[in-house]
Every structure is written in C-alpha cells, then in structure tokens.
Amino acid sequence: MNAYQKIENQFFSPQDGWSELREAAEKACREGFHINGAMFSCTKPFNVLLRYLKDKHAISRGLSLTGSKFYLVQLNRTDPKGNIPKVILWEDSNHPIVYMISCQERPAFDQISYSLHRYLSPYLCKVFLRTNEIHRGLNELRDTHTGASLRVREYTSRSLIDDPNSVKRVRTNREWTDEDYEAVFQKLGEEKHWLNSLRLEIRGRQISSGRIWRDATFSCESGFGYFFETVVGTVRQAVVKSETFFEKRDRHSSPTHTSRPLKIVYSEDIFSDKRQNYRLIETLNRLNDSALSVYHPNPYFHGSLVDYADGSSYDLWVTSPGAILVVPKKSTTDSIERVCNYICDEFQEGDVQEIS
Amino acid sequence: MDLPQTVESIKNEVDNYIRTVQALKAVANELLFDDASRKLVSEGKAYFGRRLDTSSNNRISPNNQVTPDLVISLPLKQNVVVEAKLAMSGDTDLRKSKLIETQKYDDDLTGFDTNVTKVTGHDLILLVSFSHAKEIADHIVDLQKSQEIEFKKNFAIIRFIRNSERKTWFVLDLVSGGLTDQGKTKKLQKSVSIDMEHLISNRHFGSIEFYDADPPLPLLMHKIHELMFNNLTREQSLLLQENNQVEVAVTVSKIRDQLADSFGPGTASGDRTPDIPKSNCVDKAFQAFVRIGWARKIKVNSYIYDVRKRRKHFEQFCKFRAQELCKTVEEREKQRRREIEKLPLFKPLLEHEKD
C-alpha cells in the first residue's frame, strides 16, 4: 500500500463523529491532499434519500452506501485514473443541507457527486450562488470573525464578448493575485464580470486556504476545520437563503396555489437591442437536457422551456428591456436553480428578484 | 400550398390564440382595477369561461346555456360579459353571421356569481383586434340600421393592440358604445395601457392559457407533451434516465382534467365551469400523436404515450400539422381533377368550387 492509498483509506474509514472526520481531513491536507466538497439543499428528509441510496435503482447505477451518520458512498465504476470514486455524506444538524467531501482528486469527486445528484434529483438540489450572494456572504464572514483577513489568491470570472463577429458570446477570465476580497469584488463590478470561482486565504484564529465555486462546491488546500467553519459556513447561509427563495414557486406547490414568477433583472437595458432576444434563444437552446419552444421571438420574447432532467417546465418572457421573466408552471427547486443559474452564467448575470 | 408558408400560418394561429388569452387578461385586469386604490379589487372575480343560462326571449339560443369568453363580477356593480373575436373573417357573410350570433349574450342571462354581487344585469363587450375594429364597428352600425342586429344591453366594442416600444404593453381602447360604469367608459375612450408583465405575473389569472375556443392543435400537443414530463413518477423518471424512453398509459379524461387544472379557468365557477379544453380536442391531439408515432391507442380514450426527451417538439408539431394540411389540400385538388376528367361538362362549376 503506497502513501496515497494509506491516507485515502484513513480518510474513508468509518468516522464516529465530526471531530474525527475533521481530523482525518486536516491530516489529508497536511499530506498535500485537497479536500473536495459540495453542498446541496434537500427537499425530502435525509433518511428518505438514504433509503433511495439503498434501493435497486441505486445498485443498478453502481451506488452503494455504508456507515451511519457520516456515510460512505461509493460508485462502483472506476474513474479514468482507475480510482473508485467515494465521498463521505452527511446532513447539517440545523438546516436541510447535505454535505459531501472526498480526499480524492477533482475528476473522481465530480464523477460521484454528479452521479449522486442525478440519481437523487430533484430531492437533492444543486444550489448556485451569484456574485453578489458570495460577496454578501464574505461580508458576513468578515463581520462575524473580527480581525480575520480574507485574501484572494486567484479567481475566475466570466464576461460578455462585445465583438459581434465572435462565435462565442461569453469569455472566461482567470486572474492570479493577492488582494483583499473587497478589492476583487469592486473590480468585478466595474468590469461587469461575474464570478465563477474564488481561491481564498483566511488568516484569523488559524490559517486556511481553499477555493469555492458558484455551484456551492469547494476545495480545501489547508486548515480544513477552519475553512469549513468560515468559508463553507458562509456559503451554507447563502445556500439556505437561496433554497428558501427558490422553493415552492409553481402553482401546485405554492402556498397561494398560484405560480410565483421571478425575474432576472439587469442593470442595463440589454434587450433594447433586439438581437439580444435571439442571443437568449440561442443560449437557451444550448441548455443541456431541455427543450425550448419559441412562440414569439421579437419584438418581445415568449418561450416555453421544459427541463427534461426532472420534468419541470417554465414560460419565459422578455417584455421589458432590462429583465427576463421566469414563470414556473411545474417546477422543482433543483430545476429552477439550474435554469436561473444557466441564464446568469451563460447569457449574462443579473439579479434574481421576486416580482413585486 | 407551400409547406414553409403553412408552418408560418400555423404559428400565427398559435400566436393569435395566445394573444387572445392575453387580451382577455388585459380586459379582466382593467375592469377589476380600482383607480382610487390603484390595485385590483380583491372581492372582484374574473371567470375565463362561465356557463350562463339564457332566457326564453333569447333571439339566438333561447332556454339554453352560453359560455362567454370572460365574465367579470364586482360587488354592487353591473356584471360584464366579454366575447373575443380576434380572427374575424374577411368574408362579409361569415362575419355577419358571427356578429349576429353575439346577440346571444344580449339577454337577461342568469348564473352570475351571487356571492360576489347581487346585481343581476350585465354589460356586453366585444373585444376585437386593432386592425379589424373600424370595419367591425361600421358593419355593426349597418346591421343595426337594417334591423338585423340589436343590442338592448350596454354594448361596447373595445379594440386592443400589443405595443412593443421600450416595454411591451397591451393597449385597450373603446371604439364605440359604453359601459354602465361611466368612469371606466371615459378611461377606455382615452385608451388604457397595461404592462404585459402585470398580466404574466398576475396571481389570480396569470397561469390561464386556454379560453373557450379550441386551442390550435400544435399548442395543445405541446402542452400535453410537457404535462407528460410533469407527471412522471420517480420510478418512471429513473427508467427514462436509464433507457431514454418510458411508456406511460394515459386516459383522455385524466389529461383533460390536468390541462384544465394547470391552464384552464379552474373550478371557481363550480358547476358552471365549462370544459376548457374539451375532451374531444384532447382526444384529437392524442390521435395526432398516434399519427406522428409518439403514442398508440389501446382502447377508446386510452393511449400509451412514448415519453422521450425530444428537442424542438413545438416546431415538430407545427410542421406535422402543416404537412397534414398540405396533404389534405393536395388530395382535394387531385380529386377535383379526377372529377373534371370524368365530368368535363361540370368543369366550370368544379373550377368555381376551387375558388
């Protein structure tokens, strides 16, 4: 058994409690491993999800579950490097949130987290955070951890390509730096970029570093316990808010028995240029596992989108120059998050708001 | 008949249907809007289809039931009955018969919601598109002069247009006649603009997508296709993920009820709720699914739907419908030619039939 396997075995051995798991993750970090993780909100009790992970469909998909409280989930298919993807899975004690972490490399982690989400969707909901939500979260972190410094070491962002001859419409930018997070967010705002990921170093009671992505996944390089308490804790609050905002929006699940539409609002009148209607249509047509039907493209846009991932459907409208209306017909939290994030990430990031 | 042109005209038909629903929502919004408080009257009700009873004196349909496209009831106010006629034919005779038929609402109708208002009378609105409004108003005046048409109730013609400048608005304006409510009459004479966003996000009637006219076949097929995905159980969803296809048994009545619940006027009218959409329309849509190869019939009003993740399904439905229409026209033409060959003496008559 080589050193890598030894650490991995220790990490995935049955853990009795959080302190043991944290210690195993800290140790893995000290040995140079990155702890990859993700947060999901859930719309069914955790024990129901566990039951699904033990049924015949889970077995046929190669998913197996063992342990108690901190569960080990394995995907009985090897990744390209020959590893069997594994994660430790547990639920938050106060919120309907599920965590998964792994000391394996990112491709193995992505493979199993994707399989788990796909299998447990729409009850296990992928959450996406927009630039201002991450910014607000980090502000709260600074306020609650007095004296802590939050230095950004690297970030990736996206922005629009202005060149009308370009085939691509959105570019991805990557910056290596060493700045206070506030300066980075200010720059993102000024340059009209939206955040994709942020590599942070937190210096406070302890020192830790790691990366967070807008899809509520993270990767810790050092000081796992402190990173989880601070950065992941901050993201958790944003996840809870996001879940509350997006849940029960269709006519069937809404408390008012009427659809609760929302809108993605832009700071500029982007749809004054009617070519943007067609760019939106093109973008929506590329959304994986979905189908768009266009009733009316121009001068206003009216389309219908069915999300084949879980059967949700929406009406989409552009009737004013600065906003897209999303009207859920039958929708799950998982799907509405996916659709709104997709529009924000691939078309242009806007502020997702309640219609007043 | 040219296929792309037919596809385009089918899409226009769908757009007209959607536009009519929006126009009815715009009228409901305006009639329920209280100008003093600047919000919708919470006690007011809009029924997108409600069966009302006619009297023995009804000139068109005595002792029967009629279903106006929209009924508005407000406390202490006259009810308003609205009939939308957007796709009014250019053929004068056809249009005349449609206009005369409108008189079925000019009667002492009963069946209004007495929980909202004890007032039993009503006004009548004919809702028409901007482009036809003048022509229709003139036609009605002519018919009134020739005593072929008569309205004893307050009768108003309101035209509407979708106006997309900076934002998209629905503009309503009164072409002729008036309502009992003088305030609304004056306001509508000056024209009223309603932000389309208000209609889309309206909590009471925002979700309504069908009214008391049969939806175009591609639109109905589209709604059914989406509904099939909405309805999948967890077991069926997993099978779909694994096999990219799952067969689901459905009955026409169950799908009709679900369509009515999701996109119809709801059950606010109780026993007076009309069948929107009608069962025979839903059955026709399933028959079309059978012809396109997406479903198979197992017995009367029961089908197996082949649920698959299909792209551009609405486009496919429009094209399919257009192909069927083109084929029908082609076959009729072939039949006519055969008849001309067989009966050359009738050629002028058969040529006239074509026109």
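Residues numbered from 1 in each chain as written. Chains lettered and ligands numbered in written order. Predicted model: local features only at pLDDT ≥ 70, side-chain atom pairs only at ≥ 80, totals over all residues. Heavy atoms only, no water.

Our focus in this paragraph is the overall build of chain A. Looking only at helices and strands, chain A features 10 helices and 17 strands. Relative to a compact globule of 356 residues, whose C-alpha radius of gyration would be 21 Å, chain A shows 21 Å and is just as compact. When its C-alpha atoms are laid out on the principal axes, chain A stretches across 65 × 50 × 40 Å. For chain A, contacts bridging at least 24 residues in sequence account for 59% of all contacts bridging at least 6. Averaging the locations of the 47 positively and 47 negatively charged side chains of chain A gives two centres separated by 4 Å. (Helix = DSSP H or I, 4+ residues; strand = E, 2+ residues; numbered from the N terminus. Rg over C-alpha atoms; globule rule 2.2 N^0.38 Å. Contact = heavy atoms within 4.5 Å. Lys, Arg positive; Asp, Glu negative; His and termini not counted. Charge placed at Lys NZ, Arg CZ, Asp CG, Glu CD.)

As a further point, take the domain arrangement of chain B. Think of interface size as the accessible area that goes away when the parts come together; that is how it is often given. Residue and element names in this part refer to chain B. By the assigned domains, chain B splits into domain 1 (3-200), domain 2 (217-308) and domain 3 (313-354). The gap between the C-alpha centroids of domain 1 and domain 2 is 31 Å. Listed as interface residues are 14 residues of domain 1 and, on the opposing side, 11 residues of domain 2. The junction of domain 1 with domain 2 conceals about 950 Å² of combined surface from both sides, 56% of it contributed by carbon and sulfur atoms. Across the contact surface, domain 1 and domain 2 share 1 salt bridge. Between arginine 272 and aspartate 53 there is a salt bridge whose closest N-O contact spans 2.8 Å. Scanning the region where domain 1 abuts domain 2 turns up 4 residue pairs in polar contact (both at pLDDT 80 or more). Residue assignment for the side of domain 1 that touches domain 2 shows that the elements contributing at least two residues are helix H1 (3-32) and strand E4 (52-53). No other element matches H1, which puts 3 residues into the side of domain 1 that touches domain 2. (Domains from an automatic or database assignment. Buried area = accessible area lost by both parts, 1.4 Å probe. Salt bridge = Lys/Arg side-chain N within 4 Å of Asp/Glu carboxyl O. Polar contact = N/O pair within 3.5 Å; in protein donor to acceptor, adjacent residues only side chain to side chain.)

All names here are of chain B. If you trace the 7 strands from one edge of the open sheet to the other, you get E3-E6-E7-E8-E9-E10-E11, paired in mixed fashion. Among the strands making up the open sheet, the edge pair consists of strand E3 (45-47) and strand E11 (192-195). Taken over all neighbouring pairs, the strand axes of this sheet differ in orientation by 25° on average, direction set aside. Bridge count for strand E6 (residues 70-73) against strand E7 (residues 79-85) is 3 bridges, and the pairing is antiparallel. Its bridge partner lying in E7, valine 71 is registered against valine 81. (Pairing = 2+ DSSP bridges. Axes fitted to C-alpha atoms, helices over the stretch in contact; angles between N-to-C directions.)

Let us now look at the interface of chain B and chain A. Counting from both sides, the interface comprises 37 residues of chain B and, opposite them, 50 residues of chain A. In this assembly, chain B packs against chain A so that about 3900 Å² is buried in total across both faces, 46% of it on carbon and sulfur atoms. At the junction of chain B and chain A, the tally comes to 6 salt bridges. Of the charged contacts in the structure, one is a salt bridge between lysine 329 of chain A and glutamate 226 of chain B, with a shortest N-O distance of 3.1 Å. Applying the counting rule to chain B against chain A returns 28 residue pairs in polar contact (both at pLDDT 80 or more). Listing elements by their share of the side of chain B that touches chain A, those giving two or more residues are H1, strand E9 (155-164), helix H5 (196-200), helix H6 (217-230), helix H7 (234-243), helix H8 (252-263) and helix H10 (313-342) of chain B.

Residue and element names in this part refer to chain B. Residues Leu343, Leu345, Phe346 and Leu349 make up a contiguous nonpolar surface patch of roughly 460 Å² in combined accessible area. In this structure, leucine 343 sits in the loop between H10 and helix H11 (347-354). In this structure leucine 343 comes out as partly exposed when scored by relative accessible area, which is 41%. (Patch = residues over 30% accessible without salt bridge, like charges linked within 9 Å, V, L, I, M, F, W, Y side chains within 5 Å. Areas by Shrake-Rupley, 256 points an atom, 1.4 Å probe, with all protein chains shown as cover. Buried < 20%, exposed > 50% of the residue type's maximum accessible area, 1.4 Å probe, protein only.)

Another point: the environment of serine 290 of chain A. Mapping serine 290 of chain A onto the fold places it in strand E13 (residues 290-296). For the pair formed by serine 290 of chain A and valine 167 of chain A, sequence separation is 123 residues and the distance between their alpha carbons is 22 Å. When sequence neighbours within four positions are dropped, the list of residues in contact with serine 290 of chain A reads Leu284, Leu305, Val306, Asp307, Tyr308 and Arg338 of chain A together with Arg311 of chain B. For serine 290 of chain A, the side chain forms a polar contact with the main-chain oxygen of leucine 287 of chain A, separated by 2.8 Å.

Attention now goes to the nonpolar core. Residues and elements named next belong to chain B. Of all hydrophobic cores here, the largest spans 83 residues; its most connected members are Leu127, Ile224 and Phe286. Sorting elements by how many residues they give to this core places H1 first, with 13 residues. When neighbours within four sequence positions are excluded, phenylalanine 286 is seen to be in contact with Ile224, Val250, Val252, Ile255, Tyr303 and Tyr305. (Core = buried A, V, L, I, M, F, W, Y, C linked by side-chain atoms within 4.5 Å.)

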